[in-house]
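# Notes for the structure review
These are the residues of each chain, in order.
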Amino acid sequence: MSKYRLRCTQCGEVIPDFAAWFSQDQSCKCGCKRAVAEYSSDYNKLKELIEVKNPDNFYLYSDFLPFEDFNNVVSFGEGVIPIENWTYLEDFARENYGIDCKVMVYRNDLNGGTGTFKDVAASLAATVFRENGVKEFCVASTGNTATAYSRYLALAGIDFTVFVPKCVNQDTVEAILSHGQNVMVCDGDYSYAKKRAAAFHEDNGVMISAGNIDPIRVEAKKTMVFEFLRQLGRVPDVYIQAVSGGTGPIALEKGVGEISGVFPDVKLPRMILVQQDTCDPMVQGWENAVNTDFMEGWENKYPVIDNPQTIVSILSTGNPGMFPVVAPIVRKSGGTFLRVEESGLATVARTAKEHRGVYLGPASAVCLSGFYKALEAGEIHNGETVLVNTGEGAGRSSAFREMIDKA
Ligand SMILES: Cc1ncc(COP(=O)(O)O)c(C=O)c1O
Ligand SMILES: [Zn+2]
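Notes on the structure in this doc start here. (Residues numbered from 1 in each chain as written. Chains lettered and ligands numbered in written order. Predicted model: local features only at pLDDT ≥ 70, side-chain atom pairs only at ≥ 80, totals over all residues. Heavy atoms only, no water.)

Before going further, it helps to spend a moment on the sheet that holds strand β1 (residues 4–8). Overall, antiparallel pairing links the 3 strands, which are arranged β2-β1-β3 in an open sheet. If you trace the sheet from one side to the other, it starts and ends with β2 (14–15) and β3 (35–39), each paired once. Sheet topology places β1 next to β3; 5 bridges connect them, and they run antiparallel. Residue pairing for β3: Arg5 is matched across the bridge by Glu38. (Pairing = 2+ DSSP bridges. Helix = DSSP H or I, 4+ residues; strand = E, 2+ residues; numbered from the N terminus.)

Let us look at the packing of helix α8 (residues 215–232) against helix α9 (residues 247–258). Relative orientation of the contacting elements α8 and α9 amounts to 60 degrees, with a least axis distance of 7 Å. Here α9 runs oblique to α8, going by the angle between their axes. Regarding α8 and α9, the two cross each other, and that crossing is right-handed. Packed against α8, whose contacting residues are Arg217, Val218, Glu219, Lys221, Lys222, Met224, Val225, Phe226 and Phe228, the element α9 presents Thr247, Gly248, Ile250, Ala251, Leu252, Lys254, Gly255, Val256 and Glu258 at the interface. In the contact of α8 with α9, the residues fall into 9 nonpolar, 3 polar and 6 charged. (Axes fitted to C-alpha atoms, helices over the stretch in contact; angles between N-to-C directions. Parallel < 35°, antiparallel > 145°, perpendicular 65-115°, else oblique. Left-handed = near helix turned anticlockwise from the far one by under 90°. Contact = heavy atoms within 4.5 Å. Nonpolar A, V, L, I, M, F, W, Y, C, P; charged D, E, K, R; others polar.)

A few words on the nonpolar core. Counting 92 residues, the largest nonpolar core has Phe22, Leu46, Leu124, Phe129, Ile259 and Phe337 as the members making the most contacts within it. When residues no more than four places from it in sequence are discounted, the contact partners of Ile259 are Tyr43, Leu46, Val225, Phe226, Leu229 and Val266. With 41 residues, the next largest nonpolar core counts Ala352, Val366, Phe371 and Leu375 among its residues. (Core = buried A, V, L, I, M, F, W, Y, C linked by side-chain atoms within 4.5 Å. Buried < 20%, exposed > 50% of the residue type's maximum accessible area, 1.4 Å probe, protein only.)

Quick look at the environment of Ala399 now. Considering the arrangement of structural elements, one finds Ala399 in helix α14 (residues 398–406). On the accessibility criterion, Ala399 (47% relative accessible area) is partly exposed.

What follows concerns the site of ligand 1. Taken together, 18 residues lie around ligand 1, and Asn144, Gln241, Ser244, Gly246 and Gly248 are the ones closest in. Gln241 is positioned with one of its side-chain polar atoms (N or O) 2.8 Å from an oxygen atom of ligand 1. Take Ser244: an N or O atom from its main chain is 2.7 Å from an oxygen atom of ligand 1. Summarising the interface, the protein chains cover 97% of the accessible area of ligand 1, which totals 390 Å² for the free molecule. Within the residue set of the shell around ligand 1, elements represented by two or more residues are β10 (238–242) and α9. A per-element tally of the shell around ligand 1 places α9 first, with 3 residues. Considered class by class, the residues forming the shell around ligand 1 number 7 nonpolar, 9 polar and 2 charged. (Near = heavy atom within 4 Å. Polar contact = N/O pair within 3.5 Å; in protein donor to acceptor, adjacent residues only side chain to side chain. Areas by Shrake-Rupley, 256 points an atom, 1.4 Å probe, with all protein chains shown as cover.)

A few words now on the pairing of β10. The buried fraction of β10 is high, at 5 of 5 residues. Residues Val238, Ile240 and Ala242 point to one face of β10 and Tyr239 and Gln241 to the other, with burial holding for every one of them. Read from β10 through α9 to strand β11 (residues 270–276), the crossover connection turns out right-handed. In this structure, β10 lies alongside strand β13 (residues 385–390), joined through 3 bridges in parallel fashion. Looking at β13, one finds that Val238 is bridged to Val386. (Right-handed = clockwise from strand over helix to strand, strands pointing away.)

Turning to α8, a few remarks are in order. Compared with the 26 Å implied by 1.5 Å per residue over 18 residues, the 26 Å span of α8 between its first and last C-alpha is a close match. Bending of α8 peaks at approximately 25 degrees at the position of Phe226. The element α8 is extensively covered by neighbouring structure, given that 16 of its 18 residues are classed as buried. By the N-cap criterion, in which a side-chain oxygen at the helix start approaches the backbone nitrogen of a residue two or three places on, α8 is capped by Asp214, the distance to Ile216 being 2.8 Å. Looking at the residues trailing α8, positive phi occurs at Gly233, about 75 degrees. (Expected span 1.5 Å × (residues − 1). Bend = angle between axes of the 7 residues up to and from the residue.)

Below, the discussion takes up the coordination of the zinc ion (ligand 2). Here the zinc ion (ligand 2) is held by the protein donor atoms Cys8 (SG), Cys11 (SG), Cys28 (SG) and Cys30 (SG), which lie 2.3 to 2.4 Å from it. Given 4 donor atoms and angles of 104 to 113 degrees at the metal, the environment of the zinc ion (ligand 2) is assigned as tetrahedral. Sequence spacing of the donors to the zinc ion (ligand 2): C-x2-C-x16-C-x1-C. Taken together, the residues span a long stretch of sequence, with Cys11 in the loop between β1 and β2 and Cys28 in the loop between α1 (18–23) and β3 at a distance of 17 residues. Classification of Cys11 by relative accessible area gives partly exposed; the value is 44%. (Donors = N, O, S within 2.8 Å, 3.2 Å for Na, K, Ca; no water. Tetrahedral: all angles 85-135°; square planar, octahedral: opposite > 155°, others 65-115°.)

Here Lys45 is to be found in helix α2 (residues 45–49). Separated by 251 residues in sequence, Lys45 and Glu296 have C-alpha atoms that sit 42 Å apart. The residues touching Lys45, leaving out its near neighbours within four places in the chain, are Asp63 and Phe64.

Distances and angles like these do not, on their own, reveal function.
Listed below in structure tokens is the structure:
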């Protein structure tokens with residue numbers, strides 16, 4: 001018997017494995033496109049796993065990942081990246097706001113594959129596809145999913161086609177091509193690239209990414225909760241992340257929910273999700289909800305920003321279709337959405353370079369700016385542990401690296 005199965009979130013139907021899920025075009029008989037993975041594994045094992053020192057990759061947690069055979073694993077050493085204590089941020093909080101907090105930075109830029117947030121998802125996708133005989137795949141991406149999947153799927157021998165918006169960084173296009181994969185730069189924004197990808201899927205029968213609720217992406221990213229336990233011995237009080245589609249927060253909730261039986265004290269961190277002022281539809285939706293006292297149906301009210309003009313192409317989701325899923329999670333966590341100024345990103349990234357010798361990518365600078373904004377907004381309290389989830393290094397955008405040097 002397989003250690004995992006999928007369950008439809010709408011009607012509860014059980015789908016036995018990914019082979020079945022893929023054969024029904026990643027949707028349930030009831031029409032729902034969202035399924036979550038469940039495991040028959042004993043969660044007590046996790047207590048042993050979080051004692052392991054220096055694991056090679058996140059397949060340490062394979063008991064709780066949806067594949068069977070280790071021979072199918074495609075890995076470049078991802079997912080068990082360091083969580084560092086950045087004391088200069090603690091000093092800043094103390095000196096400027098009188099707040100004593102612990103600030104931990106989750107170094108996703110050190111992932112082995114392509115140095116981003118997306119490497120774990122791409123790795124697990126390559127593994128699951130190899131296990132289930134998938135030979136072709138396509139996606140619309142703002143950049144990091146594109147580069148990560150390009151590399152991992154190439155290693156698994158899977159032909160991959162990416163549709164990117166016009167605003168994509170040239171570095172991203174070159175990275176995709178360097179892995180021998182196909183890239184279509186679409187003459188429009190991310191929403192338009194998604195339409196082009198959907199048409200390609202329809203016309204050619206090539207499997208397409210199921211988006212931010214894709215159980216593969218969610219299962220890969222949920223392992224961050226296990227890493228918090230392994231490296232910090234706890235889940236942080238506050239979790240800060242730049243948000244675009246929203247896989248991060250969805251995965252965090254899945255991870256915390258999954259272990260509640262064996263770690264009853266673990267609760268959802270207060271999620272602070274950050275967007276830059278040049279593309280902030282989720283922040284606007286949230287502000288509207290706050291202003292109307294979360295009036296019935298609030299989660300379905302958000303603006304759509306056409307052709308967002310932003311240097312952070314990774315965070316250019318102008319139509320935040322996941323807001324109705326993500327915003328209630330943020331509310332449940334006691335968190336909030338915050339807006340930061342794009343014009344200040346290079347300066348914030350510059351402080352990280354000066355204090356830590358780290359060049360952050362633009363989306364990471366949005367995340368780190370969220371820490372300063374959260375202090376200003378009184379969202380961080382004395383005695384709390386704050387985790388800043390930085391998602392990429394400056395290798396993603398050489399133009400931004402130059403801006404950091406000049407800032
Ligand atoms: C570096 C980085 N930060 C943040 C995000 C936002 O991720 P999500 O909104 O899917 O959780 C992404 C992906 O889009 C990313 O690549
Ligand atoms: Zn169903």
